[in-house]
Each structure stands twice: as structure tokens, then as C-alpha cells.
Amino acid sequence: MDDANDFFSSNDAEIFLGLNAQQAQAVSVIDGPLMILAGPGSGKTRVITHRIAYMLQQGVPAERILALTFTNKAANELGHRIQRLVPGQFVWAGTFHRFCSRLLRQYGTFVGLSDNFSILDMDDATKLFSQVWDEAKVQDDFVSTAAVQSEISNAKNALIRPEDYRARVGNPAGKVVEKIYPLYQKKLVQCNSVDFDDLLLWTAIILQENEELRERLDERFAYIMVDEYQDTNLAQYAIVRSLSNDYPNLAVTGDPDQSIYGWRGANIGNILGFERDYPNVQVVRLEQNYRSTQKILGVADRLIANNRLRKPKRLIATQEVGQPVRMKSSSSPQDEALWISSEIKNLISEGVWEPKDFAIFYRANWLSRNLEHELTAAGIPYQLVNGFEFYQRKEIKDLIAYLRLIVNPKNDVAFERVVNSPARKIGKVTLDRLHDMARASGASLLEVCQNALQQPSSLGRAASSIQKFVAQIQQLQTVPWNNVRKVLESVLEVTSYAKILEADQTEMSSERLGNIDELLTAAAEFDKQHPEDGGLEAYLETAALVSDTDKLDGDVNHVKMMTMHAAKGLEFPCVYIVGVEEGILPHERSSKSEKDVEEERRLFFVGITRAQKELTLCHCEGRMRRGTFAMCPPSSFLMEVLGPELERVRPSEYKKSFGHWQNESRSGFRPPKPTERDWVEDECGGSSFDIADYEDNDDRLSNGSLTKGNESAAPKVSRNQAPDPSRGPARGIRESATSFSNRISTAAEMFEDQDLATELGEKASATSDGHEQPAFCVGGLVQHPEYGPGKIVALSGSPAKPYISVYFFSVGPKKFRADFCDLRVISNPRN
DNA sequence: AAGTTGGAAGTTTTT
DNA sequence: CTTCCAACTT
């Protein structure tokens, strides 16, 4: 460090200020290949920013620097920090996928894509894939679409093109992939679309096949930095290599111990083999951890030491010893959630921490349910970072699909999504016919429609609907693309999308209108933030490539909940990791091979090392699975981690935490009783119980009989059956309260007067020849061809979708669409 | 055409 | 306990 300061001019002082020796070394090496092995919390982002600042200061033009990150969030933060350090300089930083998307907009013609291509998200790609699957009439009953789709994804990530794919022996999906992969890829190109994997695949192919272009881009991006290099796959590796051949000023940062995307084709060998790929590489190790307490690091260290496929690496603590890492056992996820929420509530009210200091991690998104419920009940604000967010909702996908179709008329997936949304009476039959025509002519669905309208008879009854739809799209194509919000408003107006929802007047449609409002606001915000580089195409690219993690706002004072995958790169003072159970953390589907288990262990390692001050590892004795309560043994990882830093949460604390709930009367909830098991432990356990118990009882742990039979679960089961106010009513009773009460009273009436039935029957036969049909009225009597006579109980719905509820003598209550049903009015109440 | 219902099936992680 | 899909209803 001192040497470094002597060597560099005084201008450098600011850039090197406060860096340790290794960090300074990593910053100062800007020419030639460099590998930065950065443990968790070692100031990696800082090194990257300062290194870029140093390059700029050394006269490297900003446009020749390329920073590739894993998430948009990381890229944005990088950009932000560079701006702070070197104001006024613009360095391109973004994800691989975004970078590739930009290249393909320019050079996609090499592989048959025009510059307005669409990026399909997972949903759309799957939709297109199953169409191809259906068309190919796959006979094999033994492979699933999902297996084949994921095998194709693997092939793409491994840079295997459709024509080169050969089934490997022992791979049941292989033969089907051989057949489907080329068809799927052909269809994608026909639709002028790419899936996520294609962004990488096509870019790699273009760079491989166009030496002149490769040289130009290699020179253009003379300085490249790749973050999270341990998570790059073969395609990404190939792209990076192509761009750093003549100008091998490539710096990669990463940590083999944090490689958690092997299932997506990430090859940990890329970072382990970096020294082999690039001769004369300089290696810098950042081993000082500035984030976590010594105890937390001790636990992390002991865990990861169990991995065999790794380079041993130290984590040197610089923080205080800290509080013990806690291990908490609960009888059920409900109890676990209640315990966590009440503890967080107490810590907040005591002023120890703020909501935003807490994070709760889990292996899979569904594990957040109970937590959400209890945090809501406790009034703790939280933010969920999960997979089913804004852009997944139907109305949002519909509107985005309109935009995609406007930009790329060949996008058949978008066409299918919107052609009957809002409802235009264009159904399966019509769509099948359009598909046949498209297959025959090789044209896109929209083109087929346009052509067929020359002879409307070929479209049958749907011709006029299609005519209208095509006219709407054509009208929308004339709207200028520079203002996204205006385009969206035009879509809403031209298609009457919002108007139809407004007319519906149900709870769901008003929620959808709210979401649409939110989308309009977001679009306006995008327009504002991108006055130069915005517009419809840029917006669609952003919409396709944003992830939910990117939206995470650390400034908002909320508890954060997310998967451990999403937690990568983040840090929080207090961390809870839930569901540390065998079958969940190592996940049962990742327990086949040692390699898989090691990746699970790295995932746990990532979770643990996010914690700065306090860490609690939680597991349940059992949980509901497939409708029944099942026992859950604690994760084998927990046993690997046992040691002096670890402390079991003692039942006395458990009781104390619940005291709060017991004093508060909440309707609908019973204060949970400490389970029998907790009491037993309280008596015979003691402070030294925990570690010894786990170490000496492998057999008990492995067969999950640590609990004392089912007694401890009993109170939970009843809690489980209590109605859950956060979810809607179960199917089957999903009727409005009014119509339900109506039905009860009517039923009572009906049963009092049994003779009414015969009377009604007689009246019905008397009026059976067709008179003018009077309007339906509540209380009126009607005749149904199958069910016989009945009484009108309620009228509901909207003018567009009127419903009628009838109580029949023969079969009880029934509900029909009033404009479709075959009901004859016998009498009205006032007659 | 479109909504409702019953039965079978299934629970990873994400650019 | 949920979610998806095919069959059935109007």
C-alpha cells in the first residue's frame, strides 16, 4: 500500500485512498489478464469501480471499457458509483443479456434476425415451445415437455446448434430433442424472436463466424471486466474470449465458493481454468472480509470446508467477534413465522434495529407464505422479492404483448395473446384455421389475417372480428414510438381494453385497472429517465430483461424476503434463513450427485455470508406437504456447521417471545402454545444440550424421529385448518356473501312449502308453447328443460355478463349466464 | 365462445 | 393444499 502510494502520482491519491494492499494491486493492474478472487464482503464492487476510475484517469477512453455484470442492479450500482468517483464519464455497464441484445440489434441480420426482434420471456418461450411440440406430434410418452425444453436450453448454453445436436446415450429426452430443437429454433427465427438463451447463443455464433466483426469489436472493447465470473456458462465464456483475443485486457472477478448457477449451465471451470486460458495472468486474492462478525464467518468457513471441489481460501475477519449464530427449531412453519415476526417486532419497538435491517432468506419462493402472513398480522412492513411479480400479471402481459406486436408484427406469441383479449369472439376454431394457413404459406399470423381478409369467406364467421382487430393493430402502428406512455394509452383506447374492464365492475377488474395505472406510471417514468435513448423498442428490451431483484429498493424501510439466489451480492445486518431442512436446503432434487450437493452448500454459504451482525438458522420439525403433515429432518448442513460460534435458541426465549402474543387478544387466532417438546427440553436440556445432542444422535436425526411423535404437531394442525384471511375463499364457496345469504333464506322458504313444486310444474306445462319472454325478476318462477321449475334467487354480473341464480326443486341452487341459458319465465312476482 | 367444475398431479433456484 | 387441464354447461 505504501509502495503503491509512492509509485503513483498525487492525482491517484483519491482513487487509492482507503484500499488495502490487495485491493490497490487489483486496481492498479489495468493491462493484461487479471483474475480477482474475491471472497464475500471483500470490497469487490469497490475494487471494480476504482479500477475503472483509474483506467479513465490513465487515459483509457470510456467507450472502450465494458463492464459485464450479473444483474441489472449490480450494473446500475456500478454506473452510479463510477459517476460519483469520475463525474461526467459514461462507461457501459450491464448484464451479458443486455449487452448481447444490443449487439444483436446491430448485427442480428447475420443469423436472420431483423433489428426489431422480440425477446420472449420464459412464459412466451414455453408457449411457443408447446406449439412446436404439438405440431410435431411427439409420440414419446416418457419424456415431458419441460425435460425437453430444459435440455434445449442446456444445449444452447453449451453452444450446441440445432443441426449439431446429437442425442447422448442414456438420455431419454435426447431423441426428442434432436427432432424438436431444430423446429423450435426455426419457429423462433420465423417469429423474429429470441429466447433468453438465444441472446447469448446468437452473439457467440456471430462472433465466431465473422472474424472481421470480431476484430472490430475486440478493438472497440479493449478493456473488459466481468463480474461473477464463476457463474458464466460456455456461451458467455466464448463471447468474452472472442472480445479479448487481440486486446487481452480482461479482468474477471469471482469466487468459486459462490457459484450457484450450475443448473443454468454455469461452469465453475471457467474461473478455475482462467490461469490456463490466459497466460501471464495476474492473480489477486481479496480475503479480508469487511462485512460480517467473526462468529458468522466461522460458521461460513466451517460449512464451505466440506466441499471437495474447491480451492481452499481463507476468510480473514476484520469485524468484532459478535453475537453467536443462533439455531432455532420450531414445530411448524407457522410457529417459525410467528417466532420470527414477533422477534422482529420486539427488536424494532425496542429501537435496536429498523425494518430495513432485516432479511429473511429461503431456498424456494413458496416458503415465504407463512412469513408473509405473520408479518402482515404483526404489522411489520415487508417487501417480497419473488418470481410472480408485476410483469407476470395477465393485463400487464397483454399490454406489453400489444407493444411487442406493434414493433414486431411477426411475433406470433404476442398475436395469440392479444387477438382475443379483450374478448373479440375469436376462439380456438378460428385460431386453428389461422395456424393452418400460416403453416401452409410460411407467413406470420398477422400477415395471414391481412391476406385472408381479401377473401373474408375463408375466415368464416370470425371475419369481421379479425377485420376489426387487424385495423386496430394497423392504426396503432402509426402511433409514434418515442413516448411509451402515449403508445400505451393509444392501445388502451383503440382496443377499449380499459373500458371493458371498467364495465365489468368486479373486484378483479378494478384491481387490474389499478395495475394498468401502475404500468402507465412506470412507462411515464421510463420516458422521463430516457429522453435520448428511450422509445418503445428500448422500453420493451428493459421490460424483457428486468428481474425482480432489480427492483429491490434498499432505502425503503421494509423487511426484505427473498431466495438465497436473489440475495447474492446483497448484505443485511440481521439475517434469518428458514427451512434449513433436509430435502429443502439441500433440495431433494439437487441431492442426486455430490456435485449438486456441493452447489447447495455454496448456496447456503452465500446466504450465511450476507449477514453482517446477526444470523439465525431456522428449521421446522414438520410441515404440510401435499395436504398432510410430514416430518422434516434438519439439514445435514446444520450438523456440519456445529461449533463454538453456534447457539441454540432456548425454549425460555421462545416463551418470552410469545408472551407478547399471549397478552394480546386477536380474534381468529389462538396464541400458539409452546409445544410439549419445548417444555421437555427446557427441563432436561440446559445450555450445553444443543451441540452434543445433534452430534451424538445422528441416527435420530437421519430418520427424523427427533420429535416425540405427533403430539407436538397437534395444536398446529388445528391452526392450519382455521380460515386464512389473507387468501381468498376456497373454490366452491367463492360466491358473494349476499347471494349466499339469499340462497339460504330461499332454501328455507322452499322447504316449508313442498306443494309449491307440483303447482309450479303444472304452470310450466301450461305456458310451454312459446310466448314473448318477459324479463327475469328476482322472486320470479322459471322453467328449465332439465331441472324443471325453480325460483329466481338473484341477478348479478354486469350488462355485458348478466348472471342469474335459480333455486330448483329438483337439484337446488344453480347459476347461469342470463343471456345464454334456456330458462322460460313462468311468472313474475308482481303478476 | 367462455366460464365452471371436478379430478389428477405436483411443489427449485433465474437472465 | 394448490395448480393445471379436460370435459361439460350455457
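Once a new chain begins, its residue numbering starts again from 1 and follows that chain's sequence as written. Chains carry letters and ligands carry numbers; both start at the beginning, A for chains and 1 for ligands, and go up in the order they are written. Note on the predicted model: pLDDT of at least 70 is required for a residue's local features to be given, and 80 or more for side-chain atom pairs to be given and counted; whole-chain, interface and lining totals, by contrast, use all residues. As a rule here, side-chain values come from all non-hydrogen atoms in the structure, and water together with hydrogens is ignored.

### A few points about the packing of helix 10 (residues 196–209) against helix 12 (residues 234–242)
Quick note on the threshold: To obtain an axis, a line is fitted to C-alpha atoms, over the contacting stretch when the element is a helix, and the angle between two such axes runs from 0 to 180 degrees between their N-to-C directions. Helix numbering and strand numbering both begin at the N terminus, where a helix is a DSSP run of H or I of at least 4 residues and a strand a DSSP run of E of at least 2. By convention the crossing between two helices is left-handed if the near helix lies anticlockwise of the far one by an angle smaller than a right angle, and right-handed if it lies clockwise. In this analysis, two residues are considered to be in contact whenever any of their non-hydrogen atoms come within 4.5 Å of each other. Polar here means any residue other than Ala, Val, Leu, Ile, Met, Phe, Trp, Tyr, Cys and Pro, which are nonpolar, and Asp, Glu, Lys and Arg, which are charged; Gly is therefore polar.
Running from N to C, helix 10 and helix 12 point in directions that differ by 35 degrees, and their axes come no closer than 9 Å. With respect to the hand of their crossing, helix 10 and helix 12 are arranged in left-handed fashion. Of the residues in helix 12, those in contact with Leu200, Thr203, Ala204, Leu207 and Gln208 of helix 10 are Ala235, Gln236, Ala238, Ile239 and Ser242. Its residues placed into classes, the contact of helix 10 with helix 12 shows 6 nonpolar, 4 polar and no charged.

### A short note on the sheet that holds strand 7 (residues 249–254)
Quick reminder of the rule: Two strands pair if DSSP finds at least two bridges between them.
Here we have 6 strands laid out as an open sheet, ordered 3-2-6-7-1-8, and parallel in their pairing. Two strands close off the open sheet at either side, each with one partner strand: strand 3 (92–95) and strand 8 (282–286). Strand after strand, the sheet turns through a mean of 15 degrees between neighbouring axes, direction not considered. Across 4 bridges, the pairing between strand 6 (residues 223–226) and strand 7 is parallel. Within strand 7, the residue paired with Ile224 across the bridge is Leu250. Helix 3 (residues 21–28) rests against strand 1 (34–38) and strand 8 of the sheet, and its axis sits at about 145 degrees to strand 8.

### Considering the side chain of Thr430
Selection rule: Only protein chains enter the accessibility calculation, which uses a 1.4 Å probe. A residue is then buried if its area is under 20% of the maximum for its type, exposed if over 50%, and partly exposed in between.
With respect to the element layout, Thr430 can be found in helix 20 (residues 428–441). On the basis of relative accessible area, Thr430 is assigned to the buried category, the value being 12%.

### Remarks on unusual backbone geometry
The omega torsion of the bond from Ser421 to Pro422 falls at 5 degrees, within 30 degrees of zero and hence cis. Structurally, the position occupied by Pro422 is in the loop between helix 19 (412–418) and helix 20. Residues other than glycine seldom take positive phi values, yet Lys425 does so here, at roughly 60 degrees. Tracing the sequence through the fold places Lys425 in the loop between helix 19 and helix 20. At Ser496, a residue that is not glycine, the phi angle is positive and equals roughly 60 degrees. Tracing the sequence through the fold places Ser496 in the loop between helix 23 (484–495) and helix 24 (497–504). Under the relative-accessibility criterion, Ser496 is labelled partly exposed at 25%.

### Notes on the nonpolar core
The nonpolar side chains of a soluble globular protein tend to be buried with one another. For the record, the criterion: What is meant by a nonpolar core is a set of buried Ala, Val, Leu, Ile, Met, Phe, Trp, Tyr and Cys residues, joined one to another through side-chain atoms within 4.5 Å.
Grouped together as the largest cluster of nonpolar side chains are 66 residues, with contacts concentrated most on Val148, Ile180 and Val226. When residues of this core are assigned to their parent elements, the largest contribution, 8 residues, is made by helix 10. Among the nonpolar cores identified, the runner-up in size contains 52 residues, and Ile400, Leu459, Val487 and Ile516 belong to it.

### As for the packing of aromatic side chains
Formally: Centres within 6.5 Å make a pair out of two Phe, Tyr or Trp rings, where for Trp the six-membered ring is used; the pair is then stacked when the planes are under 30 degrees apart, edge-to-face when over 60, and tilted otherwise.
Applying the stated criterion across every chain, the model contains 16 aromatic pairs. Aromatic pair Phe129 and Tyr184: ring centres 5.5 Å apart, planes at 80 degrees, arrangement edge-to-face. With Phe129 in helix 7 (residues 122–136) and Tyr184 in helix 9 (residues 174–190), this residue pair connects regions lying 55 residues apart in the sequence. For Phe129, a relative accessible area of 1% gives the class buried. You can call Tyr184 buried: its relative accessible area is 2%. Ring geometry for Phe361 and Phe572: centres 6.1 Å apart, planes at 65 degrees, overall edge-to-face. Taken together, the residues span a long stretch of sequence, with Phe361 in strand 12 (residues 358–362) and Phe572 in strand 15 (residues 572–577) at a distance of 211 residues. The exposure class of Phe572 is buried, given its relative accessible area of 6%.

### Overview of helix 10
What counts is decided by this rule: Under the convention used throughout, the expected extent of a helix is 1.5 Å for every residue step, that is, one less than its residue count. Two N or O atoms form a polar contact when they lie within 3.5 Å of each other; inside protein one atom must be a possible hydrogen donor and the other a possible acceptor, and for residues adjacent in sequence the pair counts only when both atoms belong to side chains.
Taking 1.5 Å as the rise per residue, helix 10 with 14 residues should run 20 Å; its terminal C-alpha atoms sit 21 Å apart, in good agreement. Taken across its 14 residues, helix 10 has 11 buried, putting it largely inside the fold. Turning to helix 10, its buried residues are Asp197, Asp198, Leu199, Leu200, Leu201, Trp202, Thr203, Ala204, Ile205, Ile206 and Leu207. For helix 10, the N-terminal capping position is held by Asp195, with its side-chain oxygen 3.1 Å away from the main-chain nitrogen of Asp197.

### Digging into helix 23
When the terminal C-alpha atoms of helix 23 are compared, their 17 Å separation across 12 residues agrees well with the 16 Å that a helix rising 1.5 Å per residue should span. Turning to helix 23, its buried residues number three or more, namely Val484, Val487, Leu488, Ser490, Val491, Leu492, Val494 and Thr495. One side-chain oxygen at the N-terminal end of helix 23 lies 3.1 Å from the backbone nitrogen of Arg485; it belongs to Asn483. Where helix 23 terminates, the next one or two residues include Ser496, which has phi positive at roughly 60 degrees.

### Focus on the sheet that holds strand 14 (residues 559–563)
Read across the open sheet, the 7 strands follow the order 13-14-12-15-16-11-19; overall the sheet is parallel. With one partner strand each, in any of the chains shown, strand 13 (382–385) and strand 19 (646–648) form the two edges of the open sheet. Each adjacent strand pair in this sheet contributes to an overall mean axis angle of 20 degrees, direction not counted. The sheet strands contacting helix 16 (residues 333–349) are strand 11 (325–330), strand 12, strand 14, strand 15 and strand 16 (611–620), and the helix crosses strand 16 at an angle near 155 degrees. Lying on the sheet, helix 28 (residues 594–608) is in contact with strand 12, strand 15 and strand 16; it crosses strand 16 at an angle near 130 degrees.

### So, the pairing of strand 17 (residues 622–625)
For strand 17 and strand 18 (residues 628–631), the ladder comprises 4 bridges, and the chain directions are antiparallel. Each residue of the ladder has a partner; that of Gly622, found in strand 18, is Met631. Hairpin connection, strand 17 to strand 18: the antiparallel pair is bridged by 2 residues, and Arg626 has positive phi, about 50 degrees.

### Details of the environment of Ala443
Mapped onto the elements, Ala443 comes out in the loop between helix 20 and helix 21 (445–452). Residues Ala443 and Lys410, 33 residues apart in the sequence, show an inter-C-alpha distance of 8.2 Å.

### Concerning the confidence of the model for chain A
Interpretation of this model should avoid reading the predicted coordinates in detail wherever pLDDT is low. What counts here: What pLDDT expresses is the predictor's confidence in each residue, scored from 0 to 100.
Residues with a pLDDT of 70 or more make up 76% of chain A, whose mean pLDDT is 78. Predicted confidence is poor over residues 1–10, with pLDDT under 50, and the contacts of this stretch with residues over four places away or in other chains come to 10 contacts. Counted against residues more than four places away or in other chains, residues 797–801, with its pLDDT under 50, gives 8 contacts.

### Notes on the side chain of Thr293
Relative to the assigned elements, Thr293 resides in the loop between strand 9 (288–289) and helix 15 (294–304). Judged by its relative accessible area of 1%, Thr293 is buried. Setting aside chain neighbours within four positions, we find Thr293 in contact with Gln319, Glu320, Val321, Gly322, Gln612 and Lys613.

### Some thoughts on the packing of helix 18 (residues 394–407) against helix 23
Helix-helix packing: each pair is described by the crossing angle between the helix axes and the interaxial distance. In plain terms, the rule: An angle below 35 degrees is read as roughly parallel, one above 145 as roughly antiparallel, one from 65 to 115 as roughly perpendicular, and any other as oblique.
Contact geometry for helix 18 and helix 23: axes closest at 10 Å, N-to-C directions at 100 degrees. Here helix 18 is positioned roughly perpendicular relative to helix 23, judged by the angle of their axes. Contacts from Leu399, Tyr402, Leu403 and Ile406 of helix 18 reach helix 23 at Val487, Leu488, Val491, Leu492 and Thr495. Per-class residue counts for the contact of helix 18 with helix 23 are 8 nonpolar, 1 polar and no charged.

### Brief notes about the pattern of salt bridges
Pairs can form between side chains of opposite charge once their charged atoms are near each other. Where we set the bar: Note on definitions: salt bridges are taken to be side-chain nitrogens of Lys or Arg within 4 Å of carboxyl oxygens of Asp or Glu.
Scanning all chains against the criterion turns up 42 salt bridges. The salt bridge partner of Asp398 is Lys394, with a shortest N-O separation of 2.6 Å. Highlighted residues: Asp398 and Lys394, both in helix 18, separated by 4 residues, approximately one helical turn. In this structure Asp398 comes out as buried when scored by relative accessible area, which is 1%. Close ionic contact of Glu599 with Arg602 constitutes a salt bridge, the shortest N to O distance being 3.5 Å. Highlighted residues: Glu599 and Arg602, both in helix 28, separated by 3 residues, approximately one helical turn. Comparing Glu599 with Arg602, the two get one shared label, buried. One continuous salt-bridge network, built from bridges that share partners, spans Asp121, Asp123, Asp124, Lys394, Lys397, Asp398, Arg404 and Arg417.

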